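# Per-entry structural report
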Amino acid sequence: MKVNGILGPEKCFIRKAEMKYHVDLHALVDSKITVKEGHDLAHQLKDTLWSEIMELSHVLIHIEPNE
């Protein structure tokens, strides 16, 4: 886990489009954080994935509360 505050994945869907990949990731976070904190974590996770996996074309992050 590279993004502090992301507890883990709930679901992850990956599709190939030509030579790149589209990722739809549901990430678990503490259910007590604010919407802004969840939004910021989603951006941090997206930026981390893009910086480490050059084959990604599109990344969509869904924030899910960890109950």
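### Side note on the overall build of the chain
Helix and strand counts for the chain come out as 1 helix and 3 strands. In the chain, the order of α-helices and β-strands from amino to carboxyl end is β-β-α-β. For a compact globule of 67 residues, the expected C-alpha radius of gyration is about 11 Å, and the chain comes in at 12 Å, within 12% of that figure. Taken over the C-alpha atoms alone, the chain extends approximately 40 × 20 × 20 Å along its principal axes. For the chain, with 67 residues in total, the buried portion stands at 27%. Put simply, of all contacts in the chain between residues at least 6 apart along the chain, 51% involve residues at least 24 apart. Carbon and sulfur atoms make up 56% of the accessible area of the chain, which amounts to about 4,800 Å² in all. Both charge centroids of the chain, one from 8 positive and one from 11 negative side chains, sit 4 Å from each other.

### Remarks on unusual backbone geometry
Of note in this structure, E18 is not a glycine but carries a positive phi near 60 degrees. Positionally, E18 belongs in the loop between β1 (8–17) and β2 (20–30). Assessed through its relative accessible area of 75%, E18 is described here as exposed.

### A short note on the sheet that holds strand β3 (residues 56–66)
Across the sheet, which stays open at both edges, the 3 strands sit in the order β1-β2-β3 with mixed pairing between neighbours. Only two strands of the sheet have a single partner each, and these edge strands are β1 and β3. Each neighbouring strand pair of the sheet contributes to a mean axis angle of 15 degrees, computed without reference to strand direction. Pairing geometry for β1 and β2, over 9 bridges, is antiparallel. From the neighbouring strand, C12 faces β2, where its bridge partner is L25. On the sheet, helix α1 (residues 35–52) packs against β2 and β3 and is oriented at approximately 145 degrees with respect to β3.

### Considering the pattern of salt bridges
This model, assessed by the stated rule, comprises 2 salt bridges. One salt bridge in this structure joins E52 and K2, with 3.5 Å as the shortest N-O distance. You can see E52 sitting in helix α1 and its partner K2 sitting in the segment before β1, a full 50 residues away along the chain. For K2, a relative accessible area of 64% gives the class exposed.

Basis of the calculations
Sequence positions are assigned chain by chain, starting from 1 and proceeding in written order. Reporting of local features is limited, given that this is a predicted model, to residues whose pLDDT is at least 70; pairs of side-chain atoms are given and counted only at 80 or more, and all residues count toward the totals for whole chains, interfaces and linings. Hydrogen atoms and water are omitted, and side-chain values are computed over all heavy atoms in the structure. Runs of H or I in DSSP of at least four residues are treated as helices and runs of E of at least two as strands, each being numbered from the N terminus. Put simply, the radius of gyration uses C-alpha atoms, and a globule should come to 2.2 Å times the residue count raised to 0.38. Here the term buried applies to any residue with accessible area under 20% of the maximum for its type, exposed to any over 50%, and partly exposed to those in between, with areas from a 1.4 Å probe on protein chains only. Two residues qualify as a contact provided that any one of their heavy atoms is within 4.5 Å of a heavy atom in the partner residue. In these tables, accessible area is a Shrake-Rupley quantity obtained with a 1.4 Å probe, and a residue counts as shielded only by the protein chains included in the view. His is not counted, nor are the chain ends, whereas Lys and Arg count as positive and Asp and Glu as negative. A charged residue contributes its charge at one atom only: NZ of Lys, CZ of Arg, CG of Asp or CD of Glu. At least two DSSP bridges between two strands are required for those strands to pair. An axis is simply a line fitted to the C-alpha atoms; with a helix, the fit covers only the stretch in contact. Between two such axes, the angle follows the N-to-C directions and lies from 0 to 180 degrees. Salt bridges, as used here, are contacts in which a Lys or Arg side-chain nitrogen is within 4 Å of a carboxyl oxygen on Asp or Glu.

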